[in-house]
Amino acid sequence: MRSTNRVLVAILVIAATIASIGAFSVFSKEIQHGPYLTEMTANSVRITWFTDTISTGTVEYGLSSDSLEHSVTETNKGIVSMGYRHTITLDNLKPREKYYYRVVGREVKNNTTWSPIIGAKDSGEIYNFTTFDTEKNGVKFYFLTDVKGDTDRLDNLLGIINTSDCDFVVFGGDQFSTLETESDVWDCLIGPSTLHFAKNIPFFYCRGDDDYKGSFARSFKYYIPTNNKTIRPGDNGKYYYGFNHGRAAFAVLDTGSKEPDSLDSFKGTMLCQPYMKEEYTWLTEYMASSDWTDSSFKIVFAHNPDFGYSSEDYKSLLTDSGTDLVFTGDQQEYVHHTPNSSEDYHKVILDSDKIAEVYIVDNEITVTVLNSEGVEVDTFSIEKREGIQ
Amino acid sequence: MVDKNKIFKFIGIAILVCAVIVFCVYSLQKSDFSEKTASIPDQTLDLPDQTSVPPVQNSDINIAEGPFITALTENAVIISWQTDVDTIGKIEYGIDGNYSNVVTECEDGLAAVNKHHIVIINGLRPGTTYNYRTVCTEVKSLEKDNIMLGNTAIGADYSFTTHSTADDDYSFCFITDTHEYTKRITRPLSLVPQDYSFVVHGGDAFAQIQTTREINYALIEPCVETFAKFKPLYFVRGNHEYRGTYPDKLLEYLPTLTGEWYYSFRKGDSAYTVIDTGISVDDSDQRYGGLIQSTEYRHNQFNRAKEQFKSDEWTTAPMRIVFAHIPFMTNKENTDPVGGTQAWTDLMNDAGVKLVISGHRHIYRLDLPDEEKNYHHLIVGQNQIARVEIKDKAATVTTYEFDGEIVETFTVY
């Protein structure tokens, strides 16, 4: 009798453990981070979110919150993707149209042939976004940089953003105090952005020199993947790319590491110079393309105001290709450089305590610089260049 | 007060749960591949078995798998390998025993730090034998301002020879449907003359892909052991490569120059196209749990093949060979105008395909050209190997049984 009891107790303990694990997994299918928007164009947007169980990812969307009649499921070479990260680019959207969307997924507990164990559909809340439009007059965006892990200040600066008419936000790099673990990415970038705006308004991230350092530096791009991809399996795209909105063209640059690759303390782990050559080749092509040349305004985002290794090459390329305005960071003090012969464009160097609000309307770009209390520090306007359509 | 009925009910449920678990474990053990697990493995790379460790100098780093050659063309090659610790990987290579060239695996301006290494080498000369070796440096810390490296291991010397338009007399081997029985790879390849230039695996190397360890065990290791350090493997994705929890990891182990499962290459008089014939049933088939959406992928592939068949690489080749896992003639119900059976047949007729080699059926069959198709269509059986000799602009195919007996020989002109 006693031994039977023991067996029963043992069975009970095992069953209770299993049941609690089961219950946990059933009730923990939640969106952990996001959704957040990146890579918006007039016809597309990327939506990324993370779940705490391995699951499939689908975005349901439509022009009204009552009927999300379209859906796109993340796939990879014919197979529905399964994982913690979900990232989907919605294509074939109409310009300047308000879309409603929600992310949905199914937990994949096991995908054994004949007996796949797939959970029920789990849906997130409905959010909305408005696509870009190259015909739009009146584009507003914000630029901030060098947050360096100061989440309180980040919170203040993001609180200044007027989300009712903001088209996008650009981070100028060096967002972290350290980039050692995944939680740095959540705490200093994805979390605050999602909280303040990124469910509805896209952001762009311009890689800083500190983003090259730390144990997690190689994993960072996984959280902000781009479509500028190589053939390498699992590649998350390049940090540099261009986009258009309103009558303006934008280039997001990666100005690399500040020190030379040969620096002793890098011990051969930095291979930035050849990478910058690749970027320069791409930038030359991009600035010769009609996406750039046909735009009325030309704006560059670059972390390092001196553009890294090939400083002079970048300055002449930006000058020759008619750049109007460059936003940079990396320094302690706010400076507005007006055009000169070697750099024929306005260059804003923003410090970490400020946010720039930029409004492009009619023939003018207006830049207003605010400090973290929301007090205006500087404002200036740039006229469209002569002879530009 | 505790309700006795509730306790009994709970005990009943507990026994039931245990029974289900016991049954699951039992049925798993029954399956032919004992390393399979029912749980979803970690996202991190599993540490592979260290059964064959090549000589390594001055270090405790083990090259756990490889090196493994894929995607060889006239000017490029991909070499992949795995280490048992996080390392920075390089390939040093050169001609006539020198190692004057080096390619470091990198991503976005940083040396890549991985256990699984993939190095793409471009700018090679056609028809040239290159010696190469892996060089791995252990990375102990990547913390900011505290980068710590360990030992560097220099791998053994191997070589590969790039393809050339002048290659007018060579052979290759085709094996297929090995289904995790590694002797189906190693044994037939030991039966044929050893001068083959490359190996094509016709797909279904797995039953399903539940762990990355399985990929090493069932495919990478037997290929490395037999040929893949010196000669490339071209892999044709089979329907079983759509199954399991990690089917999308496989391409990392068999990287291609298109980044896709479909690709082409040219060697001498012959042009080759590898296509992915998808799964043999509808995407909605319950075996796949609704986790297949292959239409767009098949369409992309078909459209790319149309372009490929117009290219000089293809049109100037006297011999044109297509590798496809599922034989078209046994899959007539797929009527998709883009990438369905008839569409492929028409496309291949127009493109002057001379020979299609497939697997999937596990039984040998040869269909001669007829009113529907202008090409020979060969199905190689599961325990067989086809040796294809390209000579004088013709392809002579000899298929052998597992014991070395010849099944049939035929020549396509």
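Residues numbered from 1 in each chain as written. Chains lettered and ligands numbered in written order. Predicted model: local features only at pLDDT ≥ 70, side-chain atom pairs only at ≥ 80, totals over all residues. Heavy atoms only, no water.

1. Here we look at the overall build of chain B
Looking only at helices and strands, chain B features seven helices and 21 strands. Burial analysis of chain B (413 residues in total) assigns 58% to the buried set. Relative to all contacts within chain B whose residues are 6 or more apart in sequence, the contacts with residues 24 or more apart total 70%. As displayed, chain B has an accessible area near 17000 Å², and 49% of this comes from carbon and sulfur atoms. (Helix = DSSP H or I, 4+ residues; strand = E, 2+ residues; numbered from the N terminus. Buried < 20%, exposed > 50% of the residue type's maximum accessible area, 1.4 Å probe, protein only. Contact = heavy atoms within 4.5 Å. Areas by Shrake-Rupley, 256 points an atom, 1.4 Å probe, with all protein chains shown as cover.)

2. A few points about the pairing of strand 8 (residues 146–154) of chain B
Residue and element names in this part refer to chain B. In this structure, strand 7 (residues 129–143) lies alongside strand 8, joined through seven bridges in antiparallel fashion. Its bridge partner lying in strand 8, V135 is registered against I154. Once strand 7 ends, the chain turns through two residues before running back antiparallel as strand 8, passing D145 with a positive phi of about 60 degrees. (Pairing = 2+ DSSP bridges.)

3. A few points about the domain arrangement of chain B
All names here are of chain B. Once the domains are mapped, chain B shows domain 1 (59–161) and domain 2 (169–412). Computed over C-alpha atoms, the centres of domain 1 and domain 2 are 28 Å apart. With 21 residues of domain 1 in contact, the opposing surface of domain 2 contributes 20 residues. Per-residue buried area on domain 1 facing domain 2 is highest for E65, F68 and I69; these three make up 30% of the total on that side. Here domain 1 and domain 2 share zero salt bridges between them. Our count for the contact surface shared by domain 1 and domain 2 stands at seven residue pairs in polar contact (both at pLDDT 80 or more). (Domains from an automatic or database assignment. Buried area = accessible area lost by both parts, 1.4 Å probe. Salt bridge = Lys/Arg side-chain N within 4 Å of Asp/Glu carboxyl O. Polar contact = N/O pair within 3.5 Å; in protein donor to acceptor, adjacent residues only side chain to side chain.)

4. Focus on the confidence of the model for chain B
All names here are of chain B. Chain-level pLDDT for chain B is 87 on average; 85% of the residues reach the 70-or-more range. In the predicted structure, residues 22–57 sits below a pLDDT of 50 and forms 68 contacts with residues beyond four places in sequence or in another chain. The ipTM, which scores confidence in the relative placement of chains, is 0.89 for this predicted complex, and the corresponding pTM is 0.88. (pLDDT = per-residue confidence, 0-100.)

5. A few points about the sheet that holds strand 17 (residues 365–367) of chain B
Residues and elements named next belong to chain B. With respect to topology, six strands assemble into an open sheet ordered 13-14-15-16-18-17, the strand pairing being mixed. Lying at the two open borders of the sheet, with one neighbouring strand each, are strand 13 (263–267) and strand 17. Neighbour to neighbour, the strand axes of the sheet diverge by 15 degrees on average, direction disregarded. Note that strand 16 (residues 355–358) and strand 18 (residues 376–379) share four bridges and pair parallel. Bridging across to strand 18, L355 finds its partner in H376. (Axes fitted to C-alpha atoms, helices over the stretch in contact; angles between N-to-C directions.)

6. With respect to the packing of aromatic side chains
All names here are of chain A. On inspection of all chains with the given rule, the structure shows 64 aromatic pairs over all chains. With a centroid separation of 5.6 Å and an interplanar angle of 75 degrees, the aromatic rings of F171 and F203 are classed as edge-to-face. You can see F171 sitting in strand 12 (residues 168–171) and its partner F203 sitting in strand 13 (residues 203–205), a full 32 residues away along the chain. By relative accessible area, which is 0% here, F171 ends up buried. We classify F203 as buried; its relative accessible area is 1%. Their ring planes at 10 degrees and their centres at 6.0 Å tell us that F250 and F301 sit as a pair that is stacked. With a gap of 51 residues between them, F250 in strand 15 (residues 248–252) and F301 in strand 16 (residues 297–301) connect regions that are remote in the sequence. Residue F301 is classed as buried on the basis of its relative accessible area, which comes to 0%. Three or more aromatic residues joined by ring pairs make a cluster, and in this case those are F132, F141, F143, F168, F204, Y241, F243, F250, F301 and F327. (Phe/Tyr/Trp six-rings, centres within 6.5 Å; stacked < 30°, edge-to-face > 60°.)

7. Quick word on the pattern of salt bridges
Residue and element names in this part refer to chain A. Summed over all chains, the structure comprises 39 salt bridges over all chains. Between E343 and K315 there is a salt bridge; the shortest N-O distance is 3.9 Å. In this pair, E343 is assigned in the loop between strand 18 (335–337) and strand 19 (346–349) and K315 in helix 6 (residues 311–320), connecting sequence segments 28 residues apart. Residue E343 shares its accessibility class with K315, and that shared class is buried.

8. Let's talk about helix 2 (residues 151–160) of chain A
All names here are of chain A. Within the span of helix 2, buried status applies to L154, L157 and L158. The arc enclosing the buried residues of helix 2, seen along the axis, measures out at 95 degrees, which places them on a common side. The exposed set on the far side of helix 2, more than 90 degrees from its buried face, consists of D152 and G159. Its buried side turned inward, helix 2 meets strand 11 (139–144), strand 12, helix 3 (182–198), strand 20 (354–361) and strand 21 (364–371). (Arc of directions from axis to C-beta.)

9. A look at the sheet that holds strand 18 of chain A
Hydrogen bonds along the backbone pair up the strands of a sheet, which may run parallel or antiparallel. Residues and elements named next belong to chain A. Pairing is mixed in the open sheet, where six strands are placed in the order 14-15-16-17-19-18. Both outer strands of the open sheet, strand 14 (241–245) and strand 18, are each paired with one neighbouring strand and no more. Strand-to-strand twist of the sheet, defined as the mean angle between neighbouring strand axes without regard to direction, takes the value 15 degrees. One ladder, built from five bridges, connects strand 15 with strand 16; its direction is parallel. Bridged to V252 within strand 16 is F301. Along the sheet, helix 4 (residues 272–288) contacts strand 14, strand 15 and strand 16; its crossing angle with strand 14, the most-contacted strand, is approximately 25 degrees.

10. A closer look at the environment of E30 of chain A
Residues and elements named next belong to chain A. Within the fold, E30 resides in the loop between helix 1 (2–27) and strand 1 (31–38). For E30, a relative accessible area of 47% corresponds to the partly exposed category. Put simply, E30 and Q273 are 243 residues apart on the chain and 42 Å apart in space, counted from C-alpha to C-alpha. Not counting residues within four places of it along the chain, the set of residues in contact with E30 comprises F50, T51 and D52.

11. A closer look at the interface of chain A and chain B
Many structure descriptions define interface size as the accessible area lost when the parts assemble. Listed as interface residues are 52 residues of chain A and, on the opposing side, 59 residues of chain B. Buried area between chain A and chain B, summed over both chains or domains, comes out near 4800 Å², and the portion from carbon and sulfur atoms is 63%. Counting the contacts that link chain A with chain B gives four salt bridges. For K221 of chain A, the salt bridge identified is with D108 of chain B, shortest N-O distance 2.5 Å. Where chain A meets chain B, there are 16 residue pairs in polar contact (both at pLDDT 80 or more). For the side of chain A that touches chain B, the class distribution of residues is 25 nonpolar, 16 polar and eleven charged. (Nonpolar A, V, L, I, M, F, W, Y, C, P; charged D, E, K, R; others polar.)

12. As for the packing of helix 2 of chain A against helix 3 of chain A
Residue and element names in this part refer to chain A. Across the interface, helix 2 lies against helix 3 with an axial gap of 10 Å and an inter-helix angle of 30 degrees. The angle between the axes of helix 2 and helix 3 places the two elements in the roughly parallel class. Judged by the sense of rotation from one axis to the other, the crossing of helix 2 with helix 3 is right-handed. Within the contact between the two elements, helix 2 uses T151, L154, D155, L158 and G159 and helix 3 uses D187, C188, P192, S193, H196 and F197. For the contact of helix 2 with helix 3, the residue count by class is five nonpolar, four polar and two charged. (Parallel < 35°, antiparallel > 145°, perpendicular 65-115°, else oblique. Left-handed = near helix turned anticlockwise from the far one by under 90°.)

13. Here's the deal with the nonpolar core
Residues and elements named next belong to chain A. Counting residues in hydrophobic clusters, the biggest one holds 57 residues, and the most contacted among them are F171, L189, F197, F203, F220, L283 and V300. Of all elements in the fold, only strand 11, helix 2, strand 12, helix 3, strand 13, strand 15, helix 4 and helix 6 reach the threshold of two or more residues within this core. Beyond its immediate chain neighbours, meaning those up to four positions away, F220 contacts F176, L179, V185, L189, Y205 and Y239. (Core = buried A, V, L, I, M, F, W, Y, C linked by side-chain atoms within 4.5 Å.)

14. Overview of the environment of P35 of chain A
Summarising the element assignment, P35 of chain A is placed in strand 1. The spatial distance from the C-alpha of P35 of chain A to the C-alpha of F266 of chain A is 35 Å, given a sequence separation of 231 residues.

15. Focus on helix 7 (residues 341–350) of chain B
Residue and element names in this part refer to chain B. When you tally the buried positions in helix 7, you get seven out of ten residues, the bulk of the element. Taken together, the buried positions of helix 7 are T341, A343, W344, T345, L347, M348 and N349. Contact partners of the buried residues in helix 7: strand 14 (270–275), helix 5 (295–308), strand 15 (319–324) and strand 16. Positive phi shows up at G352, right after helix 7, with a value of about 70 degrees.

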